[in-house]
Structure formats: structure tokens, C-alpha cells
Amino acid sequence: MEYVSRVPRPPLDALIDDVYYLAGAAPYARLTLPPMPAALLIVNLGAPFRIRTGAEAAEFADGCVITTPTRALEFGYPPRTRSVGVHVKPWGLAPFLPMPAAELRDRPVPVEQVWGRAAVAELRDRLAAAAGPREMLTMLEDELMRRLRSTAGLGLVRHTSGLIAATRGAAPIGGLSEAAGVSSTLMARRFKETIGVTPKRLARTYRFAAAVFALDPAGPVDWGDLAARAGYFDQAHFGHEFREFTGLTPTRYVDVRRRFLREHPGHALDGWPLPAD
């Protein structure tokens, strides 16, 4: 599988972690993506793919938009996939959306529903005719720059989210509102409009992500130490959060990660997605 990515130019880099190109055969026909403190935009250039959220599944031909999720997503890939996409910081999708992010919470939608059918069709045509992945990423950046708009409350949400991220979700949420000089009600409303979730929910996601990235599936795991370093009250709290975010116990999660490492060592997608089949 070919994977090419880069950090976009300013001012997009304040909103986006990277733009990427992905093509080839997925390591598994179905991959589960646990919730992460990030949003996602995909422009599809190959056969349609499927996304399942809970009991609901939908097929996406042109691509999709996913705001910061609160539940795991299952991606079903065709035999060969091809797309460009954007890994977006939690607050970074809002300047490109025509609706509050809360309306899309845990509800992936076709990218044409966000940017319009004609505009997306024209963008896909240009991407398909590009000379290669790097030219495609430049085209995608140009499209994002063209669509960038001011968003009420973005500065507040970005600053507060940065503090939550810096403490790996351990920052007292009430204290953040006080420090920003706004009420907790206003803070929660701005977060829902911009990210789709409350500050408390985002903090939980950052804490879970910190635990996952601190985990080395190739070696033995001290669960008590890992839970304490990630800021969980105790190991029971840690296990409950893991099951809610992944549907798996922590030990089962490691088993699945180890399967990925064993069957596809060094794969570009290893680290977050899990085999679902």
C-alpha cells in the first residue's frame, strides 16, 4: 500500500495535522478505527468504501466527512482503494463546514453533502488527472485554502483544546472555563459547534489516545502503570474506558494489535486501526 503525507502550509497547519494520499490493497477488508481526538475528510478516487457506526452502515462513493468521533468506526474497503484525505485537528474542520459540527457527531456524511456535488465532482476529476500523489496533495491544499472561512469561537476552542491536549486530558474542565473568562455553558456550546463534542468528552478521548500511544504491543504490558500514567483513577476505570472506546478489553485489544504486527509488520496503517475481520 502506498501512503504519502505531509503537513500543509500555513495557515492550514494550525487546523490540520496532515494531508495524505493512500492507494493499494488494505491490510484487511474491514478495519476498526477507535475514537481519536481528530476529524477526517476523505476524497475518494477509487471504488466505494463502507463505514459502519454501531448498527448503521453506509456506502461512500465520492468520499466522506467525519467529525471528532465518540464511538468506533468500521471501514469496509474494496479490493483496491485510492483516495486523498485530511487528518484534521479536533477544532480544524469547522472552518470548512456549512453546519455546526454537532450535527455530524458520529454521523459520517458524503463529502458532497458538505461541499456540493458539482464542486466535489470537479475536484475529483482534477485529482484523478494529476501527475502523482504530491501534485494531488497540492490540489487538495489549494481547495482547502479556497474554502477556509472565519468561524465564531474558533480561537477559544483551539486554545482550550490545546490545553486539554497538553495535559493528555487531565486538565480540570471547570478551571479551563474560568481561565478563559467564559461560563462553562458557553464553553460547551462553542465546543459542540466547532468540534461536535463537549470539552469533557474531548478530554476523555485525549486520555484514551495517550494510553494507546504509550502502549507497546510488542512487549509485556504493565496495565496498572499504564493506567496510572494515562491519568485513570484505577485499572477498573481504565478497563471500562477501553471497552467503551473499542468494544474490547485491554488484553483483547493488545492481542488484536499484535495480530496486525505479526501479519503486516511495518505497515503504513499500523498504530491505530484494528483488524475487524
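Residues numbered from 1 in each chain as written. Predicted model: local features only at pLDDT ≥ 70, side-chain atom pairs only at ≥ 80, totals over all residues. Heavy atoms only, no water.

What's the story with the pairing of strand E8 (residues 73-76) in this structure? I'm lost.
Two faces make up the sheet, and in a regular strand the side chains alternate between them. What you see with E8 is no split at all: Leu 73 and Phe 75 on one side and Glu 74 and Gly 76 on the other are buried throughout. Pairing of strand E3 (residues 30-33) with E8, which is carried by 4 bridges, proceeds in the antiparallel orientation. Residue Arg 30 lies in a different strand from E8, and its bridge partner there is Gly 76. As paired elements, strand E5 (residues 49-53) and E8 share 3 bridges and run antiparallel to each other. Looking at E8, one finds that Arg 52 is bridged to Glu 74. (Buried < 20%, exposed > 50% of the residue type's maximum accessible area, 1.4 Å probe, protein only. Helix = DSSP H or I, 4+ residues; strand = E, 2+ residues; numbered from the N terminus. Pairing = 2+ DSSP bridges.)

Help me understand the packing of aromatic side chains, please; the structure alone is not making it clear to me.
Working definition: an aromatic ring pair is given by the centre-to-centre distance plus the angle between the planes. Applying the stated criterion to the full structure yields 13 aromatic pairs. Ring geometry for Phe 49 and Phe 60: centres 5.9 Å apart, planes at 25°, overall stacked. Within this pair, whereas Phe 49 is found in strand E5, its partner Phe 60 is found in strand E6 (residues 56-60), the two being separated by 11 residues in sequence. For the pair Phe 49 and Phe 60, one class covers both residues: buried. With a centroid separation of 4.6 Å and 15° between ring planes, the pair formed by Phe 208 and Phe 245 is classed as stacked. (Phe/Tyr/Trp six-rings, centres within 6.5 Å; stacked < 30°, edge-to-face > 60°.)

Looking at this structure, how should I read the nonpolar core?
The nonpolar side chains of soluble globular proteins are, as a tendency, buried together. Residues Val 65, Trp 115 and Leu 144 are the most contacted members of the largest nonpolar core, which totals 47 residues. At 5 residues, helix H3 (residues 133-147) tops the list of elements feeding residues into this core. Not counting the four nearest positions on each side in its chain, Val 65 is found in contact with Leu 40, Leu 41, Leu 93, Leu 97, Leu 104, Arg 107, Pro 108, Val 109, Val 111 and Val 114. (Core = buried A, V, L, I, M, F, W, Y, C linked by side-chain atoms within 4.5 Å. Contact = heavy atoms within 4.5 Å.)

Would you mind going over the sheet that holds E3 with me for this structure?
If you trace the 5 strands from one edge of the open sheet to the other, you get E6-E5-E8-E3-E11, paired in antiparallel fashion. Edge positions in the open sheet fall to E6 and strand E11 (274-275), since each of these has one partner strand only. The sheet contact formed by E5 and E6 spans 5 bridges and is antiparallel. In the sheet register, Arg 52 faces E6, and the bridge partner there is Ala 57.

What's the story with the packing of helix H7 (residues 199-214) against helix H9 (residues 235-246) in this structure? I'm lost.
Describing two packed helices takes the angle between their axes plus the distance from one axis to the other. One can describe the packing of H7 onto H9 by two numbers: an axis separation of 11 Å at closest approach and a directional angle of 100°. Overall, the two elements H7 and H9 adopt an arrangement that is roughly perpendicular. Residues Arg 201, Arg 204, Thr 205, Arg 207, Phe 208, Ala 211 and Val 212 of H7 form the contact with H9, whose participating residues are His 237, Phe 238, Glu 241, Phe 242, Glu 244, Phe 245 and Thr 246. Tallied by class, residues from the contact of H7 with H9 come to 6 nonpolar, 3 polar and 5 charged. (Axes fitted to C-alpha atoms, helices over the stretch in contact; angles between N-to-C directions. Parallel < 35°, antiparallel > 145°, perpendicular 65-115°, else oblique. Nonpolar A, V, L, I, M, F, W, Y, C, P; charged D, E, K, R; others polar.)

What's the story with the sheet that holds strand E9 (residues 81-88) in this structure? I'm lost.
Hydrogen bonds between backbone groups are what pair the strands of a sheet, and the pairing can be parallel or antiparallel. Strand order in the open sheet made by the 6 strands is E1-E2-E9-E4-E7-E10, with antiparallel pairing throughout. Only two strands of the sheet have a single neighbouring strand rather than two, namely strand E1 (2-6) and strand E10 (109-110). Pairing geometry for strand E4 (residues 39-44) and E9, over 6 bridges, is antiparallel. Its bridge partner lying in E9, Leu 41 is registered against Val 86.

When you look at helix H4 (residues 154-166) in this model, what are you seeing that I'm missing?
Between its terminal C-alpha atoms H4 stretches 18 Å, which fits the 18 Å expected from 13 residues at 1.5 Å a residue. Where H4 is concerned, the buried positions are Leu 154, Val 157, Thr 160, Ser 161 and Ile 164. Viewed end-on, H4 has its buried residues packed into an arc of 140°, placing them on one side of the element. Seen from the open side of H4, the exposed residues pointing more than 90 degrees away from its buried face are Gly 155, His 159 and Ala 166. (Expected span 1.5 Å × (residues − 1). Arc of directions from axis to C-beta.)

Hey, could you run me through the packing of H4 against H7 in this one?
Two elements in contact, H4 and H7, have axes whose closest approach is 9 Å; the angle formed by their N-to-C orientations is 35°. When you trace H4 past H7, the crossing you get is right-handed. Each of Ser 161, Ile 164 and Ala 165 in H4 lies in contact with H7, whose residues at this interface are Pro 199, Leu 202, Ala 203 and Tyr 206. Partitioned by chemical class, the residues of the contact of H4 with H7 number 6 nonpolar, 1 polar and no charged. (Left-handed = near helix turned anticlockwise from the far one by under 90°.)

Can you walk me through the side chain of Thr 160 in this structure?
Mapped onto the fold, Thr 160 is located in helix H4. Setting aside anything within four residues of it in sequence, one finds Thr 160 in contact with Leu 176, Met 187 and Phe 191.

I keep staring at the pairing of strand E7 (residues 63-66) and nothing clicks. Help me out?
Of the two faces of E7, the one lined by Gly 63 and Val 65 and the one lined by Cys 64 and Ile 66 are each fully buried. With 4 bridges connecting them, E4 and E7 associate as antiparallel partners. Of the residues in E7, the one forming a bridge with Leu 40 is Ile 66. Of the pairings in the sheet, the one linking E7 to E10 comprises 2 bridges and is antiparallel in character. By the bridge assignment, Val 65 is partnered in E10 with Val 109.

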